[in-house]
Amino acid sequence: LFLHCAGYSAMCGHAVMALGRFALDYGLVPAPSRPETAVRLRCPCGPVTAFVPWDGHRSGNPVRFHSVPAFAVATDLAIDVPGHGKVVVDISYGGTFYAFLSAEQLGLDVCSSKTRDLVSAASAVTEAVKKQVKLHHPESEDLAFLYGTILTDGKDAFSEEPTTNICVFADEQVDRSPTGSGVTARIALQYHKGLIQLDQTRTFRSSTTGSLFTGKAVKATKFGNYNAVIVEVSGEAFYTGTATFTVEEEDPLKHGFFFK
């Protein structure tokens, strides 16, 4: 489970990378192999495989993973966003659903505008899409919700140059990375539009930290009625600690509570 400020998400690519390394370094995977070990994870969105460098003693970076089937849901969809008027968005799935649009449509620049302004605009798009679009997931309606909005620099056509985006998800949380599930969804979208081909690698930059992921569609497949792709995402990830949680039966609030 991938925890965040509003609960948990169905997928987190960056966490998959870090967890893959942690699993090797802490002996959760018996007999890891060199130079790379496959670590298979059961995520809320389905099975995901991380491929982790291993030198015989310690894991390394970069780590890559293969996604669940990713697919475009809608392209060039006109959405009425309060305070911004009509904008055109794409919706795609990469383990969770995202809306995509260029920051320019909202009068912003993903690289130079204030993060607060980008967050406010992206959040407005998310709320508008939630109200105006009904999502469907081929296997589980529990996954059929819009996780957030990713604002881009509009550079979707294949290029050797990085393309920059910012992901605003959950309760106005901002991703420190280009977003593993977001890169997966964006690659699926670009493949659907014919902007990239199988095994063409693109580089994605986070506008908040400058960190980089690469992504490529490695296999075409079907997922329900959708034409989908398996996406490989690669990047650096680091784990920072462990925690132990205890539930006492007598605790009247042991199942948790919300306070806002």
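In this text the structure is predicted, and so the values were computed from the model without any measurement.

Cut-offs used in this document
- Residues numbered from 1 in each chain as written.
- Predicted model: local features only at pLDDT ≥ 70, side-chain atom pairs only at ≥ 80, totals over all residues.
- Heavy atoms only, no water.
- Helix = DSSP H or I, 4+ residues; strand = E, 2+ residues; numbered from the N terminus.
- Contact = heavy atoms within 4.5 Å.
- 1 Å grid on protein atoms, 1.4 Å probe; cavity = no way out; pocket = protein on both sides within 12 Å on 5 of 7 lines; lining within 4 Å.
- Points joined across faces, edges and corners; volume = space filled by probe spheres on them.
- Nonpolar A, V, L, I, M, F, W, Y, C, P; charged D, E, K, R; others polar.
- Buried < 20%, exposed > 50% of the residue type's maximum accessible area, 1.4 Å probe, protein only.
- Pairing = 2+ DSSP bridges.
- Right-handed = clockwise from strand over helix to strand, strands pointing away.

Right, let's get into the environment of Pro 69. Following the sequence through the fold, Pro 69 ends up in the loop between strand 5 (63-66) and strand 6 (71-81). Separated by 115 residues in the primary sequence, Pro 69 and Thr 184 place their C-alpha atoms 9.2 Å from one another. Once residues within four sequence positions are removed from consideration, Pro 69 is found in contact with Tyr 93, Thr 221, Phe 223, Ala 228, Val 229 and Ile 230.

Roughly 970 Å³ of internal volume is contained in the largest pocket. Sorting the residues of the lining of the largest pocket by element identifies strand 1 (2-4), helix 1 (13-25), strand 3 (36-43), strand 10 (163-169), strand 11 (173-174) and helix 3 (180-192) as the ones contributing at least two each. When residues in the lining of the largest pocket are grouped by element, the largest group, seven residues, is from helix 1. Partitioning the lining of the largest pocket into residue classes produces 20 nonpolar, 12 polar and three charged. Of the voids in this model, the second largest pocket is the one considered here, and its volume is about 230 Å³. As for the second largest pocket, its lining consists of 13 residues, of which His 4, Ala 6, Gly 7, Ala 170 and Asp 171 are closest to the centre.

Below, the discussion takes up the environment of Phe 2. As for its placement among the helices and strands, Phe 2 is situated in strand 1. Considered as a pair, Phe 2 and Asp 156 are 154 residues apart in the sequence and their alpha carbons are 28 Å apart. Non-local contacts of Phe 2, meaning those with residues more than four positions away in its chain, are made with Gly 7, Tyr 8, Ser 9, Ala 10, Met 11, Cys 12, Ala 15, Val 16, Cys 43 and Pro 44.

A few words now on the pairing of strand 8 (residues 97-102). Residues in a regular strand project their side chains so that they alternate between the two faces of the sheet. Where burial is concerned, most of strand 8 is hidden: six out of the six residues are buried. Of the two faces of strand 8, the one lined by Phe 97, Ala 99 and Leu 101 and the one lined by Tyr 98, Phe 100 and Ser 102 are each fully buried. Sheet analysis places strand 7 (residues 85-93) next to strand 8, joined by four bridges and oriented antiparallel. Residue pairing across strands places Ser 92 opposite Tyr 98, the latter belonging to strand 8. Hairpin connection of strand 7 to strand 8: three residues between the antiparallel strands, including Gly 95 at a positive phi of 110°. In this region the chain leaves strand 8, passes through helix 2 (residues 115-132) and returns to the parallel neighbour strand 9 (residues 146-152); the handedness of that crossover is right-handed.

Glancing now at the pairing of strand 10. Along strand 10, seven of the seven residues are buried, which leaves the element largely enclosed by surrounding structure. Here strand 10 shows no split at all, with Thr 163, Asn 165, Cys 167 and Phe 169 on one side and Thr 164, Ile 166 and Val 168 on the other all buried. Taken together, the five bridges between strand 9 and strand 10 define a ladder with antiparallel strand orientation. For Thr 152, the partnering residue across the bridge sits in strand 10 and is Asn 165. Both strand 10 and strand 12 (residues 202-206) contribute to a ladder of three bridges, which runs parallel. Across the sheet, residue Thr 163 finds its bridge partner in strand 12, namely Phe 204. Of the pairings in the sheet, the one linking strand 10 to strand 11 comprises two bridges and is antiparallel in character. By the bridge assignment, Val 168 is partnered in strand 11 with Val 174. Between strand 10 and strand 11, which follow one another and run antiparallel, lie three residues, and Ala 170 among them has a positive phi close to 50°.

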